[in-house]
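Here is what each chain is made of, one letter per residue.
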Amino acid sequence: MKRKYWLMKSEPSAYSISDLERENVTCWDGVRNYQARNFMRDDMQKGDGVLFYHSNIVPPGIAGEAVIAKTSYSDYTAWDPKDPHYDPKSRRERPTWFMVDVQFVRKCREIITLAQLKETDGLEGMEVVKRGSRLSVTPVSQEAWNIIMRKFR
DNA sequence: GCCAACGTTGGC
DNA sequence: GCCAACGTTGGC
């Protein structure tokens, strides 16, 4: 299957690119949005490229590159009443929420800021540059990926 | 801290 | 099934 590309948001106060660098691999738990879940559950394949995006910080932007290390499986944090993302709707026999494993590839030398992304020709179609975009997992086109990879240098 | 945008919930 | 109220996200 052809390699696909994604942008995944995280608040660095909760989990940053440096946390991923230290851990190497992490499970992307806590996603509680159906559209984002569907992308993870149905479309992500091992080896897909990931833009690791820092949200809710100044400045927001792409902080590094990662790769999908494991396809989706049940997000067990939904079953834990003590977890902040606990969801009683999700049953073990019929899980509502899913996660994937994400592996560190590299950090950006400098954050590629949202402002820069908005100014870059060819990235107009990216979800993250659109006004009011809140989806935490979004597909990235091959073209957009290539443009952004050039900015990593 | 503010608030626009958006998703979810629940009464009807 | 509609839609107002509410909660969350996330840029600024």
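Relevant structure appears above.
A brief structural summary.

Thresholds applied
Residues numbered from 1 in each chain as written. Chains lettered and ligands numbered in written order. Predicted model: local features only at pLDDT ≥ 70, side-chain atom pairs only at ≥ 80, totals over all residues. Heavy atoms only, no water. Salt bridge = Lys/Arg side-chain N within 4 Å of Asp/Glu carboxyl O. Helix = DSSP H or I, 4+ residues; strand = E, 2+ residues; numbered from the N terminus. Buried < 20%, exposed > 50% of the residue type's maximum accessible area, 1.4 Å probe, protein only. Contact = heavy atoms within 4.5 Å. Near = heavy atom within 4 Å. Polar contact = N/O pair within 3.5 Å; in protein donor to acceptor, adjacent residues only side chain to side chain. Nonpolar A, V, L, I, M, F, W, Y, C, P; charged D, E, K, R; others polar.

## Quick word on the pattern of salt bridges
Move 1: Throughout the structure, instances matching the rule amount to 6 salt bridges.
Move 2: In this structure, Arg22 engages Asp19 in a salt bridge whose closest nitrogen and oxygen atoms are separated by 3.1 Å. Taken as a pair, Arg22 and Asp19 lie in helix H1 (residues 17–23) at a separation of 3 residues, close to a single helical turn.
Move 3: Of the residues examined, Arg22 reaches a relative accessible area of 63% and is grouped as exposed.
Move 4: Judged by relative accessible area, Asp19 falls into the buried class, the value being 17%.
Move 5: Between Glu65 and Arg106 there is a salt bridge, with its nearest N and O atoms 2.7 Å apart. Of this pair, Glu65 sits in strand S4 (residues 61–74) while Arg106 sits in strand S5 (residues 98–113), placing them 41 residues apart in sequence.

## Comments concerning the environment of Ser10
Move 1: Residue placement: Ser10 occurs in strand S1 (residues 5–10).
Move 2: Sequence separation of Ser10 and Pro139 is 129 residues, and the distance between their C-alpha atoms is 15 Å.
Move 3: Look past the residues within four positions of Ser10 in its chain and what remains in contact with it is Tyr15, Trp28, Phe52, Tyr53, His54 and Ser55.

## Re the protein's contact with DNA strand C
Move 1: Taken together, the neighbourhood of DNA strand C is formed by Lys9, Tyr53, Ser55, Asn56, Pro60, Leu114, Lys118, Ser133 and Arg134.
Move 2: Expressed as a percentage, the sugar and phosphate content of the atoms of DNA strand C within 4 Å of the protein is 67%.
Move 3: Contact between DNA strand C and Tyr53: a phosphate oxygen at 2.8 Å from a side-chain N or O atom of the residue.
Move 4: Within the backbone of Asn56, one N or O atom sits 3.1 Å away from a phosphate oxygen of DNA strand C.
Move 5: Taken together, the residues of the surface near DNA strand C break down into 3 nonpolar, 3 polar and 3 charged.

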